[in-house]
Amino acid sequence: MAVPVAFFALFFAYPVTAIVGRGLKAGGDWQFGRIGEVLGRPDILDVLWFTTWQALASTALTLLIALPGAYVFARFDFPGKQVLRAVVTVPFVLPTVVVGTAFLALLGRGGLLDELWGVRLDTTVWAILLAHVFFNYAVVVRTVGGLWSQLDPRQEEAARVLGAGRFAAFRRVTLPALAPAVAAAALMVFLFTFTSFGVVQILGGPAYSTLEVEIYRQTAQLLDLPTAAVLTLVQFAAVGGILAVHAATVRRRERALRLVDPAQTSRRPRGAGQWALLGGVLLTALLLILLPLGVLVERSFDGPGGYGFGYYEALQSVGAGGSSTFLVPPLEAAGNSLRYALVATLIALVIGGLAAAALTRRAGRLVRGFDALLMLPLGVSAVTVGFGFLITLDKPPLDLRTSWILVPLAQALVGVPFVVRTMLPVLRAVDDRLREAAAVLGASPLRAWREVDLPLVRRAVLVAAGFAFAVSLGEFGATVFIARPDTPTLPVAVARLLGRSGELNYGQAMALSTILMLVCAVSLLLLERIRTDRSGEF
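Residues numbered from 1 in each chain as written. Predicted model: local features only at pLDDT ≥ 70, side-chain atom pairs only at ≥ 80, totals over all residues. Heavy atoms only, no water.

Topic: the overall build of the protein chain
Turning to step 1, where the next piece is worked out: On a plain count of helices and strands, the protein chain comes out with 23 helices and 6 strands.
Turning to step 2, where the next piece is worked out: Looking at the protein chain as a whole, 51% of its 538 residues qualify as buried.
Turning to step 3, where the next piece is worked out: Considering only intrachain contacts with a sequence separation of at least 6, the fraction spanning at least 24 residues in the protein chain is 78%.
Turning to step 4, where the next piece is worked out: Within the structure as shown, the protein chain displays about 24100 Å² of accessible surface, and the carbon and sulfur contribution to it stands at 63%. (Helix = DSSP H or I, 4+ residues; strand = E, 2+ residues; numbered from the N terminus. Buried < 20%, exposed > 50% of the residue type's maximum accessible area, 1.4 Å probe, protein only. Contact = heavy atoms within 4.5 Å. Areas by Shrake-Rupley, 256 points an atom, 1.4 Å probe, with all protein chains shown as cover.)

This is the structure:
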């Protein structure tokens with residue numbers, strides 16, 4: 001536990017505490033009265049209200065659209081199922097900047113809807129809600145569908161034999177069994193949408209602002225640290241409550257259900273109704289997932305002189321078309337992102353692997369608190385973490401403000417929870433008697449780990465590395481503060497291009513987003529090839 005605790009204390013707790021303390025202190029004294037002052041402002045109340053209701057609306061809409069897909073993946077066996085499963089999961093690992101850019105190409109000025117029907121939905125709440133459904137569709141399909149595929153269908157069939165109708169049998173037998181998984185999926189979707197940043201910043205415009213966007217605005221644009229500190233505390237408290245409820249829901253699901261092999265529950269669709277349901281899910285995947293991504297790719301090739309590689313070629317030069325957005329060619333951001341993500345993945349694997357091992361071999365209140373510590377980066381504004389890096393890691397022996405390692409460290413903070421949640425169930429499944437037998441035969445603890453644990457968890461390590469790499473590649477909230485102008489990452493470069501007017505900047509943003517999307521998609525497809533049903537679910 002020592003190394004992960006030291007890592008989180010130094011690169012998470014210290015920067016966050018420092019930035020919040022700087023905002024709430026005046027003349028060396030704590031000014032807790034500022035909390036009431038900030039929360040009483042009408043503009044802040046509007047931000048809190050919008051953050052909450054758009055998260056609730058996004059969650060409800062995601063469940064409504066994704067639950068039929070969860071049923072299809074759980075109960076139906078059809079050609080191309082694994083490919084479609086990978087396709088619907090692609091949005092989950094895409095950076096939010098790419099998601100916002102894809103929907104901007106579909107719904108924004110000059111987008112597909114604008115060209116066909118003269119309709120624009122950017123800077124409206126509908127664009128935000130649709131993008132959130134796109135982003136979180138896989139969360140519901142994987143979480144609910146994974147459990148649904150393991151429920152014994154004979155229980156519902158027995159209810160039908162006893163006289164219950166199809167809906168009554170589902171409502172009284174299947175739905176109560178699925179309720180913990182549905183609740184867990186809903187809580188995770190609410191968490192992701194409550195802390196939404198890139199999607200709202202790109203699609204919402206100045207009219208809409210979530211807590212995360214407002215923290216960024218107060219910190220980077222207005223330099224109002226007291227307001228940003230209060231909003232950080234509010235977001236931390238809200239997300240901490242969500243994670244606590246989610247943990248209780250997961251524990252309930254693990255205790256309450258008896259599961260069967262998914263192969264026993266999957267079959268080909270029967271009857272017109274089931275084929276119609278399968279067709280509806282395929283149409284949803286086409287319109288909701290493939291269409292925005294396809295429009296994004298199409299816009300990246302649609303240059304002023306017709307279709308071609310003009311925007312991609314412009315990425316190789318500085319100041320193309322009179323633009324001074326970058327100090328280096330924008331395409332260098334791809335190499336920067338890959339290098340940063342690889343280093344961040346290595347750090348996340350080391351820290352997350354040690355943490356998962358500690359959680360496996362120890363029990364008690366202290367370790368439960370350690371487990372909660374690992375999830376804290378998901379509950380604190382990434383903007384706060386990034387700005388905290390700048391104001392704390394600026395003195396020897398940790399003067400890292402000009403060092404390249406600062407970006408991977410921030411990215412690793414987000415990757416560690418994914419590593420722990422992927423490796424922990426597999427490590428807990430390893431029989432302790434195997435380790436004890438190795439010890440009896442004279443193996444040292446290190447050799448026992450190398451000979452017993454490592455072969456059993458190798459696939460889980462690869463899956464964890466895939467998720468950590470994809471998450472690190474798309475991290476934006478903290479990186480936007482600490483990435484140097486001469487070494488931008490892909491998400492930061494896309495945001496800079498979208499922030500400037502001009503057709504060339506817009507086209508280059510589409511081209512960079514397409515490159516980032518392809519890198520993430522390839523990472524996911526490789527992950528799908530090595531995953532197992534037990535270690536690959538999230």
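Quick look at the pattern of salt bridges
Turning to step 1, where the next piece is worked out: Applying the stated criterion across every chain yields a total of 7 salt bridges.
Turning to step 2, where the next piece is worked out: Across the pair Glu214 and Arg217 runs a salt bridge whose closest N-O atoms are separated by 2.8 Å. Separated by 3 residues within a single helix, Glu214 and Arg217 lie in helix α11 (residues 211–221), roughly one turn from each other.
Turning to step 3, where the next piece is worked out: Under the relative-accessibility criterion, Arg217 is labelled partly exposed at 31%.
Turning to step 4, where the next piece is worked out: A salt bridge links Glu298 to Arg299; the shortest N-O distance between them is 2.3 Å.
Turning to step 5, where the next piece is worked out: Residue classification places Arg299 among the buried residues on the basis of a relative accessible area of 7%. (Salt bridge = Lys/Arg side-chain N within 4 Å of Asp/Glu carboxyl O.)

Focus on the nonpolar core
Turning to step 1, where the next piece is worked out: Within the largest apolar cluster, 162 residues are counted, with the highest numbers of intra-cluster contacts made by Phe7, Leu94, Leu203 and Phe389.
Turning to step 2, where the next piece is worked out: Per element, the largest residue contribution to this core is 16 residues, and it comes from helix α7 (residues 125–148).
Turning to step 3, where the next piece is worked out: Setting aside its immediate chain neighbours within four residues, Phe389 contacts Phe11, Pro15, Arg401, Leu406, Leu409, Ala410, Leu413 and Ile482. (Core = buried A, V, L, I, M, F, W, Y, C linked by side-chain atoms within 4.5 Å.)

Quick word on a positive patch on the surface
Turning to step 1, where the next piece is worked out: Together, Arg160, Arg166, Arg267 and Arg270 make up a region of like positive charge exposed at the surface.
Turning to step 2, where the next piece is worked out: You can see Arg160 is positioned in helix α8 (residues 153–161). (Patch = residues over 30% accessible without salt bridge, like charges linked within 9 Å, V, L, I, M, F, W, Y side chains within 5 Å. Lys, Arg positive; Asp, Glu negative; His and termini not counted. Charge placed at Lys NZ, Arg CZ, Asp CG, Glu CD.)

Quick word on helix α5 (residues 96–107)
Turning to step 1, where the next piece is worked out: Helix length check: α5, at 12 residues, gives a terminal C-alpha distance of 16 Å against a target of 16 Å (1.5 Å per residue), a fit within 8%.
Turning to step 2, where the next piece is worked out: Summarising burial for α5: 11 of the 12 residues are buried, a large majority.
Turning to step 3, where the next piece is worked out: Along α5, the positions that sit buried rather than exposed are Val97, Val98, Val99, Gly100, Thr101, Ala102, Phe103, Leu104, Ala105, Leu106 and Leu107. (Expected span 1.5 Å × (residues − 1).)

Let's talk about the packing of helix α4 (residues 81–93) against helix α13 (residues 271–301)
Turning to step 1, where the next piece is worked out: The contact between α4 and α13 brings their axes to 10 Å, and the two run at 50°. Taken as axis vectors, α4 and α13 run oblique relative to one another. The two elements α4 and α13 meet at a crossing, and its hand is left-handed. Residues Leu84, Val87, Val88, Val90 and Pro91 of α4 pack against Leu282, Ala285, Ile289, Leu290 and Leu293 of α13.
Turning to step 2, where the next piece is worked out: For the contact of α4 with α13, the class distribution of residues is 10 nonpolar, no polar and no charged. (Axes fitted to C-alpha atoms, helices over the stretch in contact; angles between N-to-C directions. Parallel < 35°, antiparallel > 145°, perpendicular 65-115°, else oblique. Left-handed = near helix turned anticlockwise from the far one by under 90°. Nonpolar A, V, L, I, M, F, W, Y, C, P; charged D, E, K, R; others polar.)

With respect to the environment of Leu406
Turning to step 1, where the next piece is worked out: Tracing the backbone through its elements, the reader meets Leu406 in helix α18 (residues 406–429).
Turning to step 2, where the next piece is worked out: Put simply, Leu406 and Thr479 are 73 residues apart on the chain and 8.9 Å apart in space, counted from C-alpha to C-alpha.

Quick look at the packing of aromatic side chains
Turning to step 1, where the next piece is worked out: Across all of its chains, the model carries 17 aromatic pairs by this definition.
Turning to step 2, where the next piece is worked out: Between Phe190 and Phe194 the ring centres are 5.6 Å apart and the planes differ by 25°, which places this aromatic pair in the stacked class. Of this pair, Phe190 and Phe194 are both found in helix α9 (residues 166–194), 4 residues apart, which corresponds to roughly one turn of the helix.
Turning to step 3, where the next piece is worked out: Take Phe194: its relative accessible area is 5%, and that puts it in the buried class. (Phe/Tyr/Trp six-rings, centres within 6.5 Å; stacked < 30°, edge-to-face > 60°.)

Quick word on the environment of Met510
Turning to step 1, where the next piece is worked out: Positionally, Met510 belongs in helix α23 (residues 503–530).
Turning to step 2, where the next piece is worked out: Residue classification places Met510 among the buried residues on the basis of a relative accessible area of 0%.
Turning to step 3, where the next piece is worked out: Residues Met510 and Ser300, spaced 210 residues apart in sequence, show a C-alpha to C-alpha distance of 4.8 Å.
Turning to step 4, where the next piece is worked out: Those residues within four positions of Met510 in sequence are excluded, and the remaining contacts are Thr101, Ala105, Leu296, Arg299 and Ser300.

Quick word on a nonpolar patch on the surface
Turning to step 1, where the next piece is worked out: A cluster of nonpolar side chains, contributed by Leu283, Leu286, Leu287, Leu290 and Leu291, occupies part of the molecular surface with about 420 Å² of accessible area.
Turning to step 2, where the next piece is worked out: Along the chain, Leu291 turns up in helix α13.
Turning to step 3, where the next piece is worked out: Here Leu291 falls in the partly exposed class, since its relative accessible area comes to 31%.

Quick look at helix α3 (residues 42–75)
Turning to step 1, where the next piece is worked out: When the terminal C-alpha atoms of α3 are compared, their 49 Å separation across 34 residues agrees well with the 50 Å that a helix rising 1.5 Å per residue should span.
Turning to step 2, where the next piece is worked out: If you look at α3, its biggest bend is around 35°, right at Ala66, and the proline Pro68 turns up within four residues after that. (Bend = angle between axes of the 7 residues up to and from the residue.)

As for the side chain of Glu475
Turning to step 1, where the next piece is worked out: In this fold, Glu475 is placed in the loop between α20 (445–474) and α21 (479–482).
Turning to step 2, where the next piece is worked out: Buried Glu475, no salt bridge; nearest opposite-charge side chain is Arg496, N-O distance 12 Å.
Turning to step 3, where the next piece is worked out: Among the polar contacts listed, one links the side chain of Glu475 to the side chain of Thr479, at a separation of 2.4 Å.
Turning to step 4, where the next piece is worked out: Setting aside residues up to four positions removed in sequence, Glu475 forms contacts with Ala382, Gln411, Val414 and Pro491. (Polar contact = N/O pair within 3.5 Å; in protein donor to acceptor, adjacent residues only side chain to side chain.)

As for the side chain of Thr62
Turning to step 1, where the next piece is worked out: Tracing the backbone through its elements, the reader meets Thr62 in helix α3.
Turning to step 2, where the next piece is worked out: Aside from chain neighbours lying at most four places away, what touches Thr62 is Leu67, His132, Val133, Asn136, Tyr137, Val140 and Val189.

Examining the environment of Asn336
Turning to step 1, where the next piece is worked out: In this fold, Asn336 is placed in helix α15 (residues 332–361).
Turning to step 2, where the next piece is worked out: Overall, Asn336 belongs to the buried group, its relative accessible area being 5%.
Turning to step 3, where the next piece is worked out: Along the sequence, Asn336 and Thr489 sit 153 residues apart, while their C-alpha atoms lie 5.8 Å from each other.
Turning to step 4, where the next piece is worked out: What Asn336 contacts, discounting residues up to four positions off in sequence, is Thr487 and Pro488.

Considerations on the packing of α3 against α7
Turning to step 1, where the next piece is worked out: Here α3 crosses α7 at 45°, and the two axes come no closer than 6 Å. With respect to their mutual orientation, α3 and α7 come out oblique. As α3 runs across α7, the sense of the crossing is right-handed.
Turning to step 2, where the next piece is worked out: Taken together, the residues that form the contact of α3 with α7 break down as 21 nonpolar, 7 polar and 1 charged.

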